[in-house]
Structures are given as C-alpha cells and as structure tokens.
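For reference, the chains in residue letters:
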Amino acid sequence: MKSIYKYIFTVVALFAVTATFGQSVDDLRLNEMMIKNVDNYADEYGRHVPWVEIFNTAYNTVNITGCYLTDDTTGLAKGGEIPTRWYRIPTDQKMYMPQRSFLIFYLDNSPLYGPYHANFNPAESKTHYIALISANGKELLDIVEYPVELRDTARTFGYVKDGVRDPKAFKQGKREAGELDYLGEFTPASSNETGEKISKQDKLKRDDPYGIGMAIISMAVVFTALIMIYIMLKIFNYVTRRATQKSKAQEQAVTPAKAMASKAGEEDDTVDGPTCAAIGTALHLHFGSMHDEESEVITINMPSKHYSPWAQKELTMKRNPRR
Amino acid sequence: MLEFFKEGLLQFLSYSGFGNCTWGHIIMIGLVFIALGIIKEYEPLLLVPIGFGIIIGNIPFTDGLQVGVYENGAVLNYLYFGVVKGFYPPLIFLGIGAMTDFSALISNPKLILIGAAAQFGIFAAYITALLLDFTPMEAGAIGIIGGADGPTAIFISSKLAPSMMGAIAVSAYSYMALVPVIQPPIMRLLTTPQERLIRMRPPRAVSHREKVLFPMMCILLTAFLVPTGLPLLGMLFFGNLLKESGVTKRLANTASGPLVDIVTILIGLTVGASTQATNFLRPASVLIFVLGAFSFVIATASGVLFVKFFNLFLKGDNKINPLIGNAGVSAVPDAARVSLVEGQKYDRTNFLLMHAMGPNVAGVIGSAVAAGILLSFLY
C-alpha cells in the first residue's frame, strides 16, 4: 500500500512543480510609466504621484509577491542586505496577477501608504530607469530606461505594443528600435495599444479563417488530456498488479499451508456445469415470475378466524393516566 | 349591447391561439418528437419533454401576456433561466457521473484514446460551419453537436450562440436519439468482415481503491489543462466520487435519481419551448441540422478509423474490435449498445457492450474537454 501513496505523492509533486513553472515572473513587464503626474491618474488618497504599470504578458496567473521594484540596480546579484532603494512587493491578494492583467504601483517614496506605494521616487533619482527584479534579487525581469525629459513632461513612456520585447536583445542588454517610446495616450491599468481594437472573434477569423489551426490545437489538447488519464490508468494497473502479487507472495511465504488451502479454495471457485444449470434455472424462474412460493394462498376452504390483538378494542382505547 | 358582445368576442379572439396562429406554429415538429419517443422508444426521457416543450413553445399568443419562454416574468422564462445561464447542464453531468461506472475504462485504459479521436467530429463541423459563413462562435456552438452530448451542447451554445440554442439542442438530442439509425451503416462501411469478428480480452476486475482514486485524479488532470471545462468535468467527477466512495450512497442516489430527473424535465421542456417558430424556422436552423448530422457521421467514422489505425500497433488478443469505435461519441449508453448489436450480427457469442462502455465514457470526458477548449478560444 505504501507504493500507492508514493505514486500519489509523485503526481501531487508533479502538479506542484508544473504550477510553479506555470507562474513564471519572467512574463512580467514594466509596461507604462509616468513621472511628472500633474493632474492625471490619482492614487487612493487622491494624490498625483509618479506611477508604473506592471503587465502580466502570460496566459496564466503570476504571483509577483517578493519581487523588487527599484531605480537603482547596483545591488543586483550581490546578495546580502536589501539595498535601500529596492521596494519588496508585499503579500496581497491583488499580487496574484491574472493572465494579461495590469497592476499599478505608485513611486512616491511613501511605503506606509499601502502595499502599492514604493519606497523611492524616480523624480529624485540619479538614474533614469526603473527595474523589476526577481524575488531572489538576482535576475533582472525587466528594465525600462526612460528619457530624462520624461521628468519634466506630463506624458507616459512604455512599450508601444503591450509588453512585447525582443528576448535576444534584452539578454544582451539592448532594445529593439521602437520597442519603447512615448505613448500617445496615458492608459494606466489598461492596454497601451489604443489604435483600432480588434475583437477576439475578428482576430480568430483573420488569423485562422478556415478553423484548421484551432482544430489541430484543440484535438492536440483533447488527446493530451486523455493521454494523461491513460498514463494515470496505466500506473493504476501497474500498482494494483504489483500490490496483488506482493500480498500473494507474502501470504505464501508466511503460511505455506494457508497458501495451499487458498489454492484449493481457488480450485473450488470454478463453477461446474450442474451448478450453472441450477443457477440458470433459478434465475429463469425468478425473472419469469414462476417462483413456487406464493405470498398468498387461494383456497375454497373457509379460513379459520384466529385471535388477533388488533381486534381487541380495549387495547386501542386510551389508558387512564397513572397517579 | 350587441356592439359590446361583438367587440368582446373579437378581443377574446385576438388573444386566443387561433387569432395569432401562423403556418410556422403549425408545422413545428413537437408531435413528431413525442411520437418517436413513445412509439419508437428513441430516447423517450428526452424526446417526450422536448416534444411537449415544442408544443408549449408554439402555442400562439399575444405578446405581453407574460406566458412565453422569452418574456420576462413568465414562469417558463424563470425555468429557462437554468438553460440561459448554463446551470442545468452541470447538474445533469453530476447525475451522469453518479450513474457512470468507469470500470471498463480503468481496466483497459487504451480505450480512452478512442474517446479522444471521436471528438474530431466537433472540429470537422466547426471548419465546415466556418466555410458556410457562420461566425467562429456560432461555428463552435454548432460543432459541439458532434460530441453527441445534449447537456454539453446546451452549455456551449448558451455561452457562444444563445440565439441558436434551440436549434442546436434539438438537433443534438435528435441525433442522439437516432444513434442506432445513423451509426451502423458507417460502421459496416468502414470495417471488414474479419475485423468485425475480433474478440477482445475480457476486462480485469477493478478494485474499489482504483474506482475512488479515478475521479479525483481525473479532475486534477483535466481541469488543470482545461479550466474552462470545470463546470462540466467537476460535476461529472464529483458525481462519480459520490457513487464510488461507498459512504455517500444517499447523495449518489439523489444525484443519479431525483435530481437528474428533475433537471432533465426542466431542461427538456424549456429547450423545447425555446424553439418558437418565429425564432426557429430560419434557413440557419436547417443548416444546423445538416451540420449536426455531418458532425455525427464524422465523429463515428473517426472513432472507427482510429481503432483500425490503432490495431496496426497491437498484437494478438490486445487488438480492438473496430465496431466499438463508434462508441467514442458520448451518447451513453446508446452508442455502446449499437456496438453490441452490430457485433452480435456477425458473431452471436461476441459481447462487445462492456468493451464499448470504455470509449463511451471516455467520450463524455473528451466532449467536456473539447467544450472547455472551445470556450477558451471563442468565449
């Protein structure tokens, strides 16, 4: 039986690992930012402060708790104490970012105002970039260098196409031309692509007009799901067979006499012909309602009237209460 | 006085069914469904409520009386709410789960792949519907008819194409009822006499522990992959756990008995009533029926052909009789019964029913997964 729990544990562990990989913080982007906020987006206290928008480009939920926002990456990968201008994103329900969602952080150097208020203000910074760093403090998830003039302009800067960047260039510390730019409209907590929006339907019709792509993907997913169940059932089969063999072997080893008896018992289990015939006849009689025991008897004889307490009137009468 | 009587009579006539009747109301096919259910006994539990619903839905009346299924405040409208919001189908899946024995599948796991192959009918119909100028959402709703699963068809169409739900539901249930008519010719066409005689190895006994673990593991595997199928898959496996756990017999009995009966009555009646002539009698409805038949044919053919292909890799008594390939569609247990009947035509001692139940219940899982994928793409 222990082996069954071993397999269950393996499957659960596999799920946990898959879920962990599914929630990859690599998919996060610093999608849009504003430093000189005069009369635009206000925080929950009605203040106009610098802000940055994080975008989850993935199609799954990503937990951003523990990641760092900063305007000074000098402490990156050094370990040890957390540098002063690093803001550790605290635990909060909203930190589980759903697929393709946006989250705003205020860069107002007021962390006591709540979990969405960072401990630095880029307007007072020596650098002109904002970075997002992984929870272990070693990986640069995204960094956006903004023009210095952004501090004096009431405009937003960010990805022209939501979170789309060239991964190769990013690894080399470069950016493709036109990837980041001033944005035409300020769009906190929503898409930067403000042009003509195409519906999911139209996009599907445009990209896959005959539905062949979707059919292939869908059939692949159906097969994957059922193949996973197939593998699980194969494991069931294997474990059951092994458990049966093991228990049989143990029984035989402990009590050979018992094993012999059980073997004899197995032989006795085989049903012979006459028994089959008897069972078959009984079933036939039963289903054909030809059973020989009737619940009632039909007779021409006068039935004798037996005594019955049901007929005794005094038993049905209410008794006097006891004193 | 005479004028008052005349006016009163005319007013009464204008409220009556006679005054509002059109040819559309007369030619609706409720009586045909009832006749098929009672005389031919084709899925009577579904066709009789749907047929009667069609009659109810096509009694002509003046708008504003709050009696029609589409009128706010009408009793039928309240009952129809479960269809529109899609909460009847998961309840039916709960009952199906509590009725289904997955032993055949657990003992011979490779049969599950037939249930996957048969889902091709859904996507073949989707592609064809797109070619016929339906929108992707409508095409998805039409395609699901190929899953041969009424509750799933209603669930998906209520989300993707509510205006077509009546036609899709009636089409799905009609073809499910006609499984014994549609499938055998395709099965005979695609198999050789030798293949029809293949005898399959008897399934092994399945332990109680396996039966209990099966729904729990399945829900984890499938719902993680396709969370959009959760309402159907979750209820299906929950119902099965109630049945197999052995400690919730009362709940399992309620789910597989009174609950599923009540929901079947409500869903059948209201879906039937939703086929009002004014909404139903359109060229699109005819196309839906044609596409539904097409998807059924493709689903059956895919299942049978997949078994033939699969047999190329199997040896000896591991080979599968291709006559159980049709059971990959999820019309439980009718499709499996068709396999049995067809198999016995060629060898009276070859009982394929339990073997066919494997792909049949796999088809239920497969169609729910396919429904989830359609929702994630199109909704």
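Residues numbered from 1 in each chain as written. Chains lettered and ligands numbered in written order. Predicted model: local features only at pLDDT ≥ 70, side-chain atom pairs only at ≥ 80, totals over all residues. Heavy atoms only, no water.

Structural notes on the environment of A:F186
All names here are of chain A. Note the cut-off: Note on conventions: DSSP H or I runs of at least 4 residues are helices, E runs of at least 2 residues are strands, and numbering of each starts at the N terminus. By the convention used here, residues are in contact when the closest approach between their heavy atoms is within 4.5 Å.
Structurally, F186 can be placed in the loop between β11 (180–182) and α3 (200–207). Linking F186 and E32, residues 154 residues apart in sequence, is a C-alpha distance of 8.5 Å. Contacts of F186, omitting those with residues within four sequence positions, involve E32, N40, Y41, W51 and T156.

Details of helix α6 (residues 75–84) of chain B
Each α-helix turn comprises 3.6 residues. Residues three or four places apart therefore point the same way. Our working rule: Exposure is judged per residue with a 1.4 Å probe applied to protein chains only, and the accessible area is read against the type maximum: over 50% gives exposed, under 20% gives buried, and values in between give partly exposed.
Every buried residue belonging to α6(B) is among B:L76, B:N77, B:Y80, B:G82 and B:V83, and all of these are buried. Lining the buried residues of α6(B) we find α5 (44–57), α7 (88–99), α12 (150–160), α13 (165–177) and α18 (249–273) of chain B.

A look at the confidence of the model for chain B
Under the convention used in this document: A residue's pLDDT is the predictor's confidence in that residue, given on a scale from 0 to 100.
Averaged over every residue, the pLDDT of chain B is 88; the share at 70 or more is 95%. Here helix α3 (residues 23–27) of chain B is the element of chain B with the lowest mean pLDDT, 63, and helix α10 (residues 120–131) of chain B is the one with the highest, 94.

With respect to the pattern of salt bridges
Residue and element names in this part refer to chain A. What counts here: What counts as a salt bridge is simple: a side-chain nitrogen of Lys or Arg found within 4 Å of a carboxyl oxygen of Asp or Glu.
Taken as a whole and assessed by the stated rule, the structure comprises 14 salt bridges over all chains. Residue E179 is joined to R175 by a salt bridge in which the shortest nitrogen-to-oxygen separation is 3.1 Å. A relative accessible area of 9% places E179 in the buried class.

A look at the packing of helix α21 (residues 334–346) of chain B against helix α22 (residues 353–378) of chain B
All names here are of chain B. Spelled out, the test is: For helices, the axis comes from a line fit to the C-alpha atoms of the stretch in contact; other axes are also lines fit to C-alpha atoms, and the angle between any two N-to-C directions lies between 0 and 180 degrees. Take the far helix as the reference: if the near one is turned anticlockwise from it by less than a right angle, the crossing is left-handed, and if turned clockwise, right-handed. Throughout this entry, Asp, Glu, Lys and Arg are counted as charged residues, while Ala, Val, Leu, Ile, Met, Phe, Trp, Tyr, Cys and Pro are counted as nonpolar. The remaining residues, Gly among them, count as polar.
Here α21 crosses α22 at 145 degrees, and the two axes come no closer than 8 Å. As for the relative orientation of α21 and α22, their crossing is right-handed in sense. On α22, the residues touching A335, A336, R337, S339 and L340 of α21 are L353, A356, M357 and N360. When grouped by side-chain class, the residues that make up the contact of α21 with α22 number six nonpolar, two polar and one charged.

Some words on the interface of chain B and chain A
Stated formally: Buried area is calculated as the accessible area (1.4 Å probe) missing from two parts once they are joined, with the contributions of both summed. What qualifies as a polar contact is a pair of N or O atoms within 3.5 Å, subject to a donor-acceptor requirement within protein and to the restriction that residues adjacent in sequence count only when both atoms come from side chains.
With 45 residues of chain B at the contact, the number on the chain A side is 35 residues. Summed over both partners, the interface of chain B with chain A buries about 3,600 Å², with 83% contributed by carbon and sulfur atoms. In terms of surface lost to chain A, no three residues of chain B exceed B:M217, B:L221 and B:F377, which account for 18% of the buried area on that side. Remark: the boundary between chain B and chain A carries zero salt bridges. The interface formed by chain B and chain A includes two residue pairs in polar contact (both at pLDDT 80 or more). Of all the elements in the fold, those that place two or more residues in the side of chain B that touches chain A are α8 (103–107), α9 (112–117), α10, α11 (136–143), α16 (208–225) and α22 of chain B.

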